[in-house]
Amino acid sequence: MKIALCIKQVPDTTDIKWTENNTIQREGVESIINPYDIYATELALSIKSEINDVHITVFTMGPLQAEGMLRKVLALGCDDAVLISDKKFAGSDTYATGLTLSRAIRTVLPDFDLIICGQFAVDGDTAQTGPNIANFLDIPQVTYVKNFEKIENNKLFLTRELEDGLEFVSVDFPALVCVLQRDIDPHRATIRGIMNASKKQIKRCSISDICLSVEKAGIKGSPTYVSKAFRNVSSHNAEKFKLRKEDSVKLLMDKLNDLGVLNDV
Ligand code: FAD
């Protein structure tokens, strides 16, 4: 089975700054793997541990320094990595990102069985990239995936987590899944894994390698126009208390009393 795993580097900060084009300032900010992509990686690794002959190729579209993140997931047990990097990709919105990733997957891994993405990236947070890739490749997609159950009769069985409960679904291959945070402790790389990863060749793909025209990539290929970006300021004043359960009721009553709310009851 051939798995394409898509992971993204995100800024390691909660203090997001904006460029003059209203895009996220990424230069000069430490980067980490998108937290949801850690769980996407775990899902790929759990399939690999249960089924024979699984090969995981990791894809990221990003700057050259994303190579460090790719080596980290190679150290966890992924097999190959592809860095899709070209100045012409700068300014890509989710549409252009989905198109670029789908072209890279089709070029490098044309006979893939499964594509695994995180559900969200914590910086852009649109949850559109996975569905876009599935759309461009014309394959079925399963979002909000919590767990991998089994593979049987060439079908993948999964658990989805929705607002009103869990849903058990199956999908035929080839397919794409988007993975939520899972109730597991992610793997840590072993020394041997790190040493093996350091020796691996990371494949690089430019815009010409994936046969994408300049008009369809980066800012030119991005229909989204960000007119304004701003930080949401809460209009409510809130106080936080760390209390024992038995003290919290008294505190709440006192506060409501101070506000005069209890007099009206
Ligand atoms: P989501 O859709 O929330 O991510 C879901 C999953 O998709 C991730 O968990 C991961 O598995 C996969 N995924 C997402 N992005 C990638 C990726 N790059 N590689 C591999 N897998 C991925 N971002 C920049 O970095 N540089 C820019 O110059 C830039 N310019 C932009 C300009 C505009 C007008 C807009 C609207 C956005 C721009 N962005 C830029 C942000 C960029 O479009 C998004 O970060 C990207 O499309 C992913 O969307 P998202 O963050 O909402 O991810």
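Our structure's up above, just so we're on the same page.
Bear in mind the structure is a predicted one, so any value in this text is a computation, not a measurement.

Draft legend 1. Structural context of the packing of aromatic side chains. Within this structure, the stated rule accounts for three aromatic pairs. For the ring pair tyrosine 95 and phenylalanine 136, a centre distance of 5.2 Å and an interplane angle of 75 degrees mean the geometry is edge-to-face. Here the residue tyrosine 95 occupies a position in helix H3 (residues 94-108), and phenylalanine 136 occupies one in helix H4 (residues 129-137), the gap between them amounting to 41 residues. Using a relative accessible area of 40% as the deciding quantity, one classes tyrosine 95 as partly exposed. Ring centres 6.4 Å apart and planes at 75 degrees place the aromatic pair phenylalanine 120 and tyrosine 144 in the edge-to-face group. Residue phenylalanine 120 is found in the loop between strand E6 (114-118) and H4, and its partner tyrosine 144 is found in strand E7 (residues 141-152); the two are separated by 24 residues along the sequence. We classify tyrosine 144 as partly exposed; its relative accessible area is 31%.

Draft legend 2. The arrangement of the pattern of salt bridges in detail. Applying the stated criterion across every chain yields a total of 14 salt bridges. Close ionic contact of glutamate 67 with arginine 204 constitutes a salt bridge, the shortest N to O distance being 3.1 Å. In this pair, glutamate 67 is assigned in helix H2 (residues 67-76) and arginine 204 in strand E11 (residues 203-205), connecting sequence segments 137 residues apart. The salt bridge partner of glutamate 152 is lysine 150, with a shortest N-O separation of 3.5 Å. Judged by its relative accessible area of 38%, glutamate 152 is partly exposed.

Draft legend 3. Main features of the site of the ligand. Neighbouring residues of the ligand: 31 residues in total, closest Cys6, Lys8, Asp37, Ser92 and Thr126. Here an oxygen atom of the ligand and a backbone polar atom of serine 92 are 2.6 Å apart. Here an oxygen atom of the ligand sits 2.9 Å away from a polar atom, N or O, in the main chain of glycine 118. Out of a free accessible area of 940 Å², the ligand has 86% covered by protein chains. Put simply, the parts of the chain that give the shell around the ligand at least two residues each are strand E4 (55-61), H3 and E6.

Draft legend 4. Just helix H1 (residues 35-50), in detail. The terminal C-alpha atoms of H1, which comprises 16 residues, lie 24 Å apart, in line with the 22 Å expected from a rise of 1.5 Å per residue. Looking at H1, one finds that the buried residues are Tyr36, Asp37, Tyr39, Ala40, Thr41, Glu42, Leu43, Ala44, Leu45, Ser46 and Ile47.

Draft legend 5. Fine view of the packing of H3 against H4. Where H3 meets H4, the axes come as close as 8 Å, and the angle between the chain directions of the two elements is 55 degrees. One element, H3, and the other, H4, form an angle in the oblique class. Helix-helix and strand crossings are classified by hand; for H3 and H4 the assignment is right-handed. Here Thr94, Tyr95, Thr97, Gly98, Leu99, Leu101, Ser102, Ile105 and Arg106 of H3 lie close against H4, whose contacting residues are Thr129, Asn132, Ile133, Phe136 and Leu137.

Draft legend 6. Representation of the pairing of E7 in the model. Sheet topology places E7 next to strand E10 (residues 175-179); three bridges connect them, and they run parallel. In the sheet register, valine 145 faces E10, and the bridge partner there is valine 179. Pairing between E7 and strand E8 (residues 155-162): six bridges, direction antiparallel. Counted as the bridge partner of valine 145 is arginine 160 from E8.

Draft legend 7. The environment of serine 31, seen in detail. Mapped onto the elements of the fold, serine 31 is located in strand E3 (residues 31-33). Taking the relative accessible area as the measure of exposure, serine 31 reaches 34% and is therefore partly exposed. Separated by 21 residues in sequence, serine 31 and valine 10 place their C-alpha atoms 5.4 Å apart.

Procedures and definitions
- Residues numbered from 1 in each chain as written.
- Predicted model: local features only at pLDDT ≥ 70, side-chain atom pairs only at ≥ 80, totals over all residues.
- Heavy atoms only, no water.
- Phe/Tyr/Trp six-rings, centres within 6.5 Å; stacked < 30°, edge-to-face > 60°.
- Helix = DSSP H or I, 4+ residues; strand = E, 2+ residues; numbered from the N terminus.
- Buried < 20%, exposed > 50% of the residue type's maximum accessible area, 1.4 Å probe, protein only.
- Salt bridge = Lys/Arg side-chain N within 4 Å of Asp/Glu carboxyl O.
- Near = heavy atom within 4 Å.
- Polar contact = N/O pair within 3.5 Å; in protein donor to acceptor, adjacent residues only side chain to side chain.
- Areas by Shrake-Rupley, 256 points an atom, 1.4 Å probe, with all protein chains shown as cover.
- Expected span 1.5 Å × (residues − 1).
- Axes fitted to C-alpha atoms, helices over the stretch in contact; angles between N-to-C directions.
- Parallel < 35°, antiparallel > 145°, perpendicular 65-115°, else oblique.
- Left-handed = near helix turned anticlockwise from the far one by under 90°.
- Contact = heavy atoms within 4.5 Å.
- Pairing = 2+ DSSP bridges.

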